[in-house]
Amino acid sequence: MNNELKEQILTLNNRKRLEITGVKKLESLNKTEFFVDTILGLLLIRGEDLEMQHLDIEKGILWIIGRVSSLSYLDEDTNKKKDEGFFKKLFK
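Chemist: Just checking my understanding: could you explain the sheet that holds strand β5 (residues 41-56) for this structure?
Modeler: In sheet architecture, strand pairing relies on hydrogen bonds along the backbone and comes in two forms, parallel and antiparallel. Spatial strand order, β1-β2-β6-β5-β4-β3: six strands in an open sheet with antiparallel pairing. At either margin of the open sheet sits one strand with a lone partner, and together these are β1 (10-13) and β3 (23-29). For this sheet the average axis-to-axis angle between neighbouring strands, irrespective of direction, equals 35°. As paired strands, β1 and strand β2 (residues 17-21) are joined by four bridges and run antiparallel to one another. Bridging from a neighbouring strand, Leu10 pairs with Ile20 of β2.

Shown next, in the form of C-alpha cells:
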C-alpha cells in the first residue's frame, strides 16, 4: 500500500456495496463480519451475506457486497483507558 496515503474513504451504496480505501490488512471475514486493519485503526463491518468482491492490499482497496448493517472502528487504547478509569474509581 502507498504509505503516503493519509486519508480513508468509505463509500456505501444502498447498504449493498461497500468500498474502502486505506486498507492495510484483512484480519478475518465471514458472511456476517469483516475485521479490517486500516490506516485509521481496526474496522468492524457487520451485516448479512457479506462477500469480498475485490481486495488489493498494495493499493489499499477493499470492496464488499451484501447487506451492511454497521461499521465501527475499534479503539483498543480508548477502551483500556475507560476500563482503567472505571476500576480505579471502583477500588479507591
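And the narrative resumes.
Chemist: Hey, could you run me through the pattern of salt bridges in this one?
Modeler: Where charged atoms of side chains with opposite charge meet at close range, the side chains can pair. In total, this model carries three salt bridges according to the counting rule given. Here Glu51 and Lys31 are joined by a salt bridge, their closest N and O atoms 3.8 Å apart. Here the residue Glu51 occupies a position in strand β5, and Lys31 occupies one in the loop between β3 and β4 (33-38), the gap between them amounting to 20 residues. A relative accessible area of 39% means that Glu51 is categorised as partly exposed. Here Glu33 makes a salt bridge to Arg46, at a shortest N to O gap of 2.8 Å. Here Arg46 lies in strand β5 and Glu33 lies in strand β4, a separation of 13 residues in the sequence. Residue Arg46 is classed as partly exposed on the basis of its relative accessible area, which comes to 39%.

Chemist: Whenever I open this one, unusual backbone geometry confuses me. Can you help?
Modeler: A negative phi holds for most residues other than glycine; trans holds for most peptide bonds. Despite not being glycine, Asn14 shows a phi value in the positive range, around 50°. Assessed through its relative accessible area of 70%, Asn14 is described here as exposed. With a phi close to 60°, Arg15 is a non-glycine residue in the positive phi region. One can find Arg15 in the loop between β1 and β2. Relative accessible area serves as the criterion here: at 37%, Arg15 is assigned to the partly exposed category.

Chemist: How do you make sense of the nonpolar core when you look at a structure like this?
Modeler: Proteins that are soluble and globular tend to have nonpolar side chains buried together. Counting residues in each nonpolar core, the largest one holds 12 residues, listed as Leu18, Ile20, Val23, Leu26, Phe34, Val36, Leu43, Ile45, Leu50, Leu62, Ile64 and Val68. Elements with a contribution of two residues or more to this core: β2, β3, β4, β5 and β6 (61-74). With near-sequence residues (within four places) excluded, Ile45 lies in contact with Leu18, Ile20, Thr32, Glu33, Phe34, Val36, Leu50, Ile64, Val68, Ser70 and Leu71.

Chemist: Please explain the side chain of Thr38 as it appears in this structure.
Modeler: Structurally, Thr38 can be placed in strand β4. Here Gln8 takes part through its side chain, which lies 3.4 Å from a polar atom of the side chain of Thr38. The contacts of Thr38, once residues within four sequence positions are left out, are Gln8, Gly22, Val23, Lys24, Leu43 and Tyr73.

Rules used in this analysis
Residues numbered from 1 in each chain as written. Predicted model: local features only at pLDDT ≥ 70, side-chain atom pairs only at ≥ 80, totals over all residues. Heavy atoms only, no water. Pairing = 2+ DSSP bridges. Helix = DSSP H or I, 4+ residues; strand = E, 2+ residues; numbered from the N terminus. Axes fitted to C-alpha atoms, helices over the stretch in contact; angles between N-to-C directions. Salt bridge = Lys/Arg side-chain N within 4 Å of Asp/Glu carboxyl O. Buried < 20%, exposed > 50% of the residue type's maximum accessible area, 1.4 Å probe, protein only. Core = buried A, V, L, I, M, F, W, Y, C linked by side-chain atoms within 4.5 Å. Contact = heavy atoms within 4.5 Å. Polar contact = N/O pair within 3.5 Å; in protein donor to acceptor, adjacent residues only side chain to side chain.

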